[in-house]
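Letter by letter, the chains look like this.
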Amino acid sequence: WDNADFSRGVGTTFYQEFSTLNTAKPPFIRDVEAKVRRYLRSSYSAAWTLKITWEKAPVHAARTDTRKTITYQAVLTTDGFRSYVLMLYQDGGMQWDYTRLTSTNVLIGYT
């Protein structure tokens, strides 16, 4: 997440919080629950979820190229006991030219 560069006024970041402990769940939360259930083959009911979206984010340093952007999300969710992170990327995957980055040990995801 730290290789995006919004200094040229291209792209944006926003978030949305969902507290769903005792409320009706919107379609987005039902989709998150379905993904967790499918990937982990376990029951899951979200009590709280945070969706962070980086929209049309240009690669660092944007001063050289603002045409190659990517939209991606991190979804943090918990049932109060277990917590998960979903990393969601636009169709087609990473659009940045990683060969032009200053770091050679590039990875998508988290460790």
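By the naming in an unreviewed UniProt entry, the protein goes by MUC4 protein and is assigned to Chloropsis hardwickii.

**Description of the overall build of the protein**
What the protein contains, in helices and strands, is 1 helix and 4 strands. Reading the protein from its N terminus to its C terminus gives the helix and strand order β-α-β-β-β. Out of the 111 residues in the protein, the part that is buried amounts to 34%. Across the protein, every contact between residues at least 6 apart in sequence was considered, and the portion connecting residues at least 24 apart equals 59%. Carbon and sulfur atoms form 51% of the exposed surface of the protein, whose accessible area is close to 7500 Å².

**Here we look at the environment of Val32**
Tracing the backbone shows Val32 in helix α1 (residues 27-40). Taking the relative accessible area as the measure of exposure, Val32 reaches 2% and is therefore buried. Beyond its immediate chain neighbours, meaning those up to four positions away, Val32 contacts Val75, Thr77 and Leu86.

**Quick word on the packing of aromatic side chains**
Following the criterion strictly, the structure yields 4 aromatic pairs and no others. Between the aromatic rings of Trp54 and Tyr72, the centroid separation amounts to 5.0 Å while the plane-to-plane angle is 10°, which identifies the pairing as stacked. Separated by 18 residues along the polypeptide, Trp54 in strand β2 (residues 48-58) and Tyr72 in strand β3 (residues 69-78) bring together distant segments of the chain. Of the two residues, Trp54 and Tyr72, both sit in the buried class. Grouped by ring-pair contacts, the aromatic residues Trp54, Tyr72 and Tyr89 constitute a single cluster. In this structure, Lys51 is placed above the aromatic ring of Phe28, and the distance from its NZ or CZ to the ring centre is 4.4 Å.

Thresholds applied
- Residues numbered from 1 in each chain as written.
- Predicted model: local features only at pLDDT ≥ 70, side-chain atom pairs only at ≥ 80, totals over all residues.
- Heavy atoms only, no water.
- Helix = DSSP H or I, 4+ residues; strand = E, 2+ residues; numbered from the N terminus.
- Buried < 20%, exposed > 50% of the residue type's maximum accessible area, 1.4 Å probe, protein only.
- Contact = heavy atoms within 4.5 Å.
- Areas by Shrake-Rupley, 256 points an atom, 1.4 Å probe, with all protein chains shown as cover.
- Phe/Tyr/Trp six-rings, centres within 6.5 Å; stacked < 30°, edge-to-face > 60°.
- Lys NZ or Arg CZ within 6 Å of the ring centre and 35° of its normal.

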